[in-house]
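Here is how the chains run, residue by residue.
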Amino acid sequence: MGLEVKANELDAELKLRNAVFDRLQPLAALHPSGVIPSATINSFEYRGEQIRLIVQSAIRKPRRCIAALTMRTTFTHPQSSL
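About the cut-offs
Residues numbered from 1 in each chain as written. Predicted model: local features only at pLDDT ≥ 70, side-chain atom pairs only at ≥ 80, totals over all residues. Heavy atoms only, no water. Core = buried A, V, L, I, M, F, W, Y, C linked by side-chain atoms within 4.5 Å. Buried < 20%, exposed > 50% of the residue type's maximum accessible area, 1.4 Å probe, protein only. Helix = DSSP H or I, 4+ residues; strand = E, 2+ residues; numbered from the N terminus. Salt bridge = Lys/Arg side-chain N within 4 Å of Asp/Glu carboxyl O.

(A) Representation of the nonpolar core. Counting residues in hydrophobic clusters, the biggest one holds 14 residues, and the most contacted among them are Leu 16, Val 20, Phe 44, Ile 51, Leu 53 and Leu 69. For this core, the leading source of residues is helix α1 (residues 7-30), giving five residues.

Spelled out as structure tokens, the structure:
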């Protein structure tokens, strides 16, 4: 088995990842400050399954994914270096 990935598994994961960004784009527009509450991001559902995108551990791989899928970012205000 190893690193072999079936084409349909890869296609399913790409659809999931695209759905994540389709969800995040309007959220970013609603929060021009760049601060989107974790609970809002974690309300993501895909095909009836809630998938948490922000978790306490550094990296998470949902059972339906081939690779890790975790969002964790920080914001540094441009004036913070002054």
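(B) Focus on the pattern of salt bridges. Enumeration according to the criterion identifies two salt bridges in this entry. Linking Lys 15 and Asp 11 is a salt bridge whose minimum nitrogen-to-oxygen distance equals 3.3 Å. With Lys 15 and Asp 11 both in helix α1 and four residues apart, the pair spans about one turn of that helix. For Lys 15, a relative accessible area of 42% gives the class partly exposed. Notably, a salt bridge pairs Glu 13 with Arg 17, separated by 2.7 Å at the nearest N-O pair. Of the two residues, Glu 13 and Arg 17 both sit in helix α1, four residues apart, roughly one turn of that helix. Exposure remark for Glu 13: the relative accessible area of 5% places this residue in the buried category.

Everything listed is a geometric property; what it means functionally is a separate question.
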